[in-house]
Amino acid sequence: MGSVPTRIAVTRAVSSAMQSCELTHLARAPIDVDRARLQHASYERTLERLGCRIVRLAEESALADSVFVEDTAIVLDEIALITRPGAQSRRGETPTVAQALGQYRELAYLQAPATLDGGDVLRVDRTVYVGISTRSNEAAVQQLRDLLPRFGYRVQSVPVFGCLHLKSAVTQLAEGLLLVNPQFIDPSHFPGVDFLPVDPAEPFAANAMMIGEEVIYSASHPATASRMREHGVRVQTVEMSEMEKAEGAVTCCSLVFSMEA
Ligand code: CIR
């Protein structure tokens, strides 16, 4: 687009150990790491086209899931919270993310017994929704309630069933419009918004990434993408097959935030 970037997207190179990733709801399938790298590069180019400057962290070859940087931090305009990921194997991912984010935001750290994956956190306006999942717990919700109201946020917990994270179940497409799989969460936790349900044949289709007026979305869910387009959503598709075998999706692979804050 050639415009001056207004956002930063922190990403991390795909680990050569990605095949040993954590899996919760999926059976293990062979991951083509070279293909994952190509898909990741194309995802980064899409972010750039939408006005993001990429800050790519170096590969952590021993950390199989480290491409999924979303889980390591919650970046708000006022502060970045470094999480304590629910999977023990992922806790080593946070120091390098904290080092990068510390250049842009004041940092705060979640403490044990809290566990939190960023994939369980969805901010809609001034409400921070937190999925209670196999990765994220009530102690994390309590710590967010201690930290965030001073910046004008309210924190709302949402039980998640049958999928990995809150953002596997619901994400934002536009002001006042959420993409949802109502089998994984109870939509009544989100008052005052409209919902676009995923196509029932595509249960893992509720993860979309809103960047300004556009939405980055996996090419694996064409029926739901059609629903989105019919609804007037501007969809930019990316190939994510290898990330999806690792139970990842589009939001998981970056931490996007405004440069101006
Ligand atoms: C995990 O189980 O932690 C990784 N294999 C997938 C993490 C995906 N992250 C996300 O949805 N935010």
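Up top is the structure these notes are about.
Residues numbered from 1 in each chain as written. Predicted model: local features only at pLDDT ≥ 70, side-chain atom pairs only at ≥ 80, totals over all residues. Heavy atoms only, no water.

(A) Focus on the overall build of the protein. What the protein contains, in helices and strands, is 6 helices and 15 strands. The C-alpha atoms of the protein give a radius of gyration of 17 Å, which matches the 18 Å a tight globule of 261 residues would have. Projected onto its principal axes, the C-alpha coordinates of the protein cover approximately 45 × 40 × 40 Å. If you take every contact in the protein between residues at least 6 apart in sequence, the share linking residues at least 24 apart comes to 69%. Put simply, the protein shows about 11,000 Å² of open surface, and 50% of that area lies on carbon and sulfur atoms. (Helix = DSSP H or I, 4+ residues; strand = E, 2+ residues; numbered from the N terminus. Rg over C-alpha atoms; globule rule 2.2 N^0.38 Å. Contact = heavy atoms within 4.5 Å. Areas by Shrake-Rupley, 256 points an atom, 1.4 Å probe, with all protein chains shown as cover.)

(B) Local environment of the site of the ligand. In the region of the ligand, 14 residues are neighbours, and Asp 65, Glu 70, Arg 135, Ala 246 and Cys 252 sit closest. Separating an oxygen atom of the ligand from a side-chain N or O atom of Arg 90 is a distance of 2.8 Å. Here Arg 135 contributes a side-chain N or O atom positioned 2.8 Å from an oxygen atom of the ligand. Its free accessible area being 350 Å², the ligand has 98% of it covered by the protein chains. Of the residues assigned to the shell around the ligand, the class counts are 4 nonpolar, 3 polar and 7 charged. (Near = heavy atom within 4 Å. Polar contact = N/O pair within 3.5 Å; in protein donor to acceptor, adjacent residues only side chain to side chain. Nonpolar A, V, L, I, M, F, W, Y, C, P; charged D, E, K, R; others polar.)

(C) Representation of the pattern of salt bridges in the model. Applying the stated criterion across every chain yields a total of 12 salt bridges. With its nearest N and O atoms 3.4 Å apart, the salt bridge here joins Arg 37 to Glu 59. Placement of Arg 37 in helix α1 (residues 33-49) and of Glu 59 in the loop between β2 (52-57) and β3 (73-75) is noted, with a sequence separation of 22 residues between them. Exposure remark for Glu 59: the relative accessible area of 33% places this residue in the partly exposed category. A single salt-bridge network, built from bridges that share partners, covers Arg 35, Glu 242 and Lys 245. (Salt bridge = Lys/Arg side-chain N within 4 Å of Asp/Glu carboxyl O. Buried < 20%, exposed > 50% of the residue type's maximum accessible area, 1.4 Å probe, protein only.)

(D) How the structure looks around the environment of Cys 253. Mapped onto the elements, Cys 253 comes out in the loop between α6 (241-245) and β15 (255-258). Between the alpha carbons of Cys 253 and Val 97 there is a distance of 13 Å; along the sequence they are 156 residues apart. Not counting residues within four places of it along the chain, the set of residues in contact with Cys 253 comprises Val 10, Thr 11, His 40, Tyr 43, Val 67, Phe 68, Val 69, Met 240 and Met 243.

(E) A look at the state of the cysteines. Inspection of the entire model under this criterion finds 0 disulfides. Free cysteine: Cys 52, not disulfide-bonded; nearest cysteine sulfur from Cys 253 at 14 Å. Accessibility expressed as a relative area gives 3% for Cys 52, which makes it buried. (Disulfide = S-S within 2.5 Å.)

(F) The nonpolar core, seen in detail. Among the nonpolar cores identified, the biggest contains 25 residues, and Met 18, Tyr 43, Leu 47, Phe 68, Ile 216 and Met 243 are the most heavily contacted of them. Contributions of two or more residues to this core are made by α1, β2 and β12 (209-211). No other element matches the 4 residues that α1 contributes to this core. The contacts of Met 243, once residues within four sequence positions are left out, are Val 14, Met 18, Ala 36, Gln 39, His 40, Val 67, Phe 68, Gly 248 and Cys 253. One finds Leu 116, Val 121, Ala 140 and Tyr 153 within the second-largest nonpolar core, a separate group that totals 18 residues. (Core = buried A, V, L, I, M, F, W, Y, C linked by side-chain atoms within 4.5 Å.)

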